[in-house]
Amino acid sequence: MRVRAASLRAVARAALAAGLGLACAQRATPAWELPPPPVRTGAVVDAARLHRSALANGLQLLVFEDPRLPQLALGLAVRRGAAQEPLERAGLASFTAELLTRGAGSRDALAVAQVVDDLGASLDSSAAWDSVTVAASGLSRDVDALFGVFADAVRRPRFEPGEADKVRDELLAVLEQQKDNPTLVARNALARALYDGHRFGAPLPGTAAAVASLDAGAAAAFHRTLFVPGNAILFATGDVRAADVVARAEAAFGDWPAGPTPAPPPAPPSPAPPARRVVVVDRPDLVQAQIVIGHDGMARSDPARIAALLLNDILGGGGFTSRLMARVRAEAGLTYGAYSAFAMRRAPGPFLVGTFTRVAEVRRTIDLVLSEVERTAREPLAPEELASAQRLMAGGFALGLETAADVTEALVDLDVQGLPPDSLDTYRDRVLGATLEDVQRAARERLHPERAAIVAVGPAAKLAPALEGLGPVEVWQP
């Protein structure tokens, strides 16, 4: 027995050694040097679980069944948002959205909060440029109570003057707090430089002067304009059945009177700006300046959107592999980060490049950024740059769709933006199918460094002289 046991131990040691040798051989090539796995394409949405319908009054319904957990999420989005506001009422959408859950139906604000808390649920409302959304989530066993308070928030918000005063003060405090964030100050200044006189020229939450003038009556009127069934989509996901949601929607929203769909807001100016503009926002206390450079961009529904997004990844949206990071951070050592982005909305939003650096290096940094944007617009892109951007975009696409709620929100966003309902399913194929000429064309047509607005936030006494020669220099107070 001892001989046999020793033999077995010897065999085990030999097998372990062989396994370790194999593992070492397998680890000879670092994982980051191995070729990436192929990108999976095809349908994202399980059509058997997705149900679309509509009520007679025009309310669209979208249900995505996912019974794996005893949870549900409800929501209703209207297809207009902050872009719909008059400039003198900038902030009205955010103000109205916040009031939707501060008292609804027979419940005041405290009672609404109490019933939601007793359910261990959530009830939220929010405003974006192109939508206002009310959302609720909780356990599927509580669907009766949750659907009831959700429907009240959508159709019967109370808009009590006392709550309106509280919300207005809270929004004013947020706007005041944002003045201490140089990044937000720079972006808000760029918006004004590009779109002065248009709603896009003011921040999404509004301006202090505009918000100070808002009251409960203004919110109620805005709600009546936006919240009509033909302008809305009701969505549900989780442990729900489509037939049950349709029945509940019919009971809660079937008698919702139809009304006129709000007309589209005025389009932003184009080109914006028509000529180079340099703005210094005076912050004498800063030793590190924030820089934002931008011009008009594109709408979310633009046919060239995929090519522009790939271009953006190459230029500055791809993190450490992007051209701006390589040029301004790795080579010049002027910053820890630089980025670019297309802020796509239903109407064309801005394209911008952002970074930060020491005050003494602002001019050098801006010159490098402008030269890199110019090079990207005029010189041929490398095939390997496009291939890398395609892998990044297509390969990372699923990370934003990990849950049924994520998928549902993405589908609702397609509806709000007026995009084809199968856009999620075709996205990766469209990314991988983009050609180098598609992306090069986007670079030529979408990048305009020669007429960009340049914003720097920092001490004007030092920055204004340094930026002379880039264009007319204006000094603004924050």
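Located above this text is the structure these notes cover.
A brief look at the structure comes next. (Residues numbered from 1 in each chain as written. Predicted model: local features only at pLDDT ≥ 70, side-chain atom pairs only at ≥ 80, totals over all residues. Heavy atoms only, no water.)

## Details of the overall build of the protein
Move 1: Looking only at helices and strands, the protein has 17 helices and 14 strands in total.
Move 2: For the C-alpha atoms alone, the extent of the protein along its principal axes is close to 85 × 80 × 40 Å.
Move 3: Each of the 478 residues in the protein was classed as buried or not, and the buried ones make up 49%.
Move 4: For the protein, contacts bridging at least 24 residues in sequence account for 82% of all contacts bridging at least 6.
Move 5: Taking the average place of the 50 positive charges on the side chains of the protein and the average place of its 55 negative ones, the gap between the two points comes to 6 Å. (Helix = DSSP H or I, 4+ residues; strand = E, 2+ residues; numbered from the N terminus. Buried < 20%, exposed > 50% of the residue type's maximum accessible area, 1.4 Å probe, protein only. Contact = heavy atoms within 4.5 Å. Lys, Arg positive; Asp, Glu negative; His and termini not counted. Charge placed at Lys NZ, Arg CZ, Asp CG, Glu CD.)

## Regarding the pairing of strand E10 (residues 288-296)
Move 1: Here E10 lies mainly inside the structure; 8 of its 9 residues are buried.
Move 2: In this structure, E10 lies alongside strand E12 (residues 350-358), joined through 9 bridges in antiparallel fashion. Looking at E12, one finds that Ile293 is bridged to Val353.
Move 3: Judged from the 5 bridges that link them, E10 and strand E13 (residues 453-458) form a sheet pairing that is antiparallel. Its bridge partner lying in E13, Ile291 is registered against Ala456. (Pairing = 2+ DSSP bridges.)

## Structural notes on helix H5 (residues 161-178)
Move 1: With 18 residues, H5 extends 26 Å between its outermost C-alpha atoms, agreeing within 8% with the 26 Å of an ideal straight helix rising 1.5 Å per residue.
Move 2: Along H5, the residues classified as buried are Glu163, Ala164, Val167, Arg168, Leu171 and Leu175. Mapping the buried residues of H5 onto a view down its axis gives an arc of 135°, with all of them on the same face. (Expected span 1.5 Å × (residues − 1). Arc of directions from axis to C-beta.)

## Here's the deal with the packing of aromatic side chains
Move 1: Under the criterion given, the structure shown has 8 aromatic pairs.
Move 2: With centroids separated by 5.1 Å and ring planes inclined at 70°, the aromatic side chains of Trp129 and Phe200 adopt a geometry described as edge-to-face. One end of the pair, Trp129, is in the loop between strand E6 (122-127) and strand E7 (132-139); the other, Phe200, is in the loop between helix H6 (182-195) and helix H7 (208-212), and 71 residues separate them in sequence. Each member of the pair Trp129 and Phe200 is classed as buried.
Move 3: When the centroid spacing of 6.4 Å and the interplanar angle of 65° are considered together, the rings of Phe147 and Phe253 count as edge-to-face. Of this pair, Phe147 sits in helix H4 (residues 143-155) while Phe253 is found in helix H9 (residues 242-253), placing the two residues 106 residues apart along the sequence. Here the two residues Phe147 and Phe253 agree in accessibility, since each one is buried.
Move 4: Grouping aromatic residues by their ring pairs yields a cluster made of Phe147, Phe150, Phe253 and Trp256.
Move 5: Against the face of Trp476 rests Arg192, its NZ or CZ located 3.8 Å from the ring centre.
Move 6: The ring of Phe200 has Arg345 sitting right over it, with the charged end atom 4.6 Å from the ring centre. (Phe/Tyr/Trp six-rings, centres within 6.5 Å; stacked < 30°, edge-to-face > 60°. Lys NZ or Arg CZ within 6 Å of the ring centre and 35° of its normal.)

## Here's the deal with the side chain of Gln417
Move 1: Relative to the elements of secondary structure, Gln417 occurs in helix H14 (residues 404-417).
Move 2: The class of Gln417 is buried, set by a relative accessible area of 9%.
Move 3: In contact with Gln417, other than residues within four places in its own chain, are Asp130, Arg300, Ser301, Arg345 and Arg346.

## What to know about the pattern of salt bridges
Move 1: Under the counting rule described, the total for this entry stands at 34 salt bridges.
Move 2: Note that Arg199 and Glu85 form a salt bridge whose closest N and O atoms lie 2.7 Å from each other. Note that Arg199 is positioned in the loop between H6 and H7 and Glu85 in the loop between strand E3 (71-78) and helix H2 (92-100), a separation of 114 residues in sequence. By the burial criterion, Arg199 is buried, and Glu85 matches it.
Move 3: Notably, a salt bridge pairs Arg300 with Asp413, separated by 2.6 Å at the nearest N-O pair. (Salt bridge = Lys/Arg side-chain N within 4 Å of Asp/Glu carboxyl O.)

## Considering the packing of helix H12 (residues 362-378) against helix H16 (residues 436-446)
Move 1: At a closest axis distance of 7 Å, the pairing of H12 and H16 adopts a crossing angle of 130°. One way to sum up the angle between H12 and H16 is to call them oblique. Handedness of the H12/H16 crossing: left-handed. Across the interface between the two elements, Thr376, Ala377 and Arg378 from H12 touch Gln440, Ala443 and Arg444 from H16.
Move 2: Split into classes, the residues belonging to the contact of H12 with H16 amount to 2 nonpolar, 2 polar and 2 charged. (Axes fitted to C-alpha atoms, helices over the stretch in contact; angles between N-to-C directions. Parallel < 35°, antiparallel > 145°, perpendicular 65-115°, else oblique. Left-handed = near helix turned anticlockwise from the far one by under 90°. Nonpolar A, V, L, I, M, F, W, Y, C, P; charged D, E, K, R; others polar.)

## Description of the pairing of strand E1 (residues 50-54)
Move 1: Two strands pair when backbone bridges link them, and E1 and strand E2 (residues 60-65) are joined in this way by 5 bridges, in the antiparallel orientation. Residue pairing across strands places Arg52 opposite Leu62, the latter belonging to E2.
Move 2: Between E1 and E2, which pair antiparallel in sequence order, lie 5 residues; one of them, Gly58, sits at a positive phi of approximately 105°.

## So, the sheet that holds E6
Adjacent strands of a sheet pair through backbone hydrogen bonds, lying either parallel or antiparallel.
Move 1: Pairing is mixed in the open sheet, where 6 strands are placed in the order E1-E2-E8-E3-E7-E6. Strand pairing shows two members of the sheet lacking a second neighbour, E1 and E6, which therefore form its edges. Within the sheet, the average angular offset between the axes of one strand and its neighbour, ignoring direction, is 15°.
Move 2: One ladder, built from 6 bridges, connects E6 with E7; its direction is antiparallel. Of the residues in E7, the one forming a bridge with Leu123 is Ala136.
Move 3: In the packing of H2 onto the sheet, contacts are made with E6 and E7, and the angle to E6 comes to roughly 165°.

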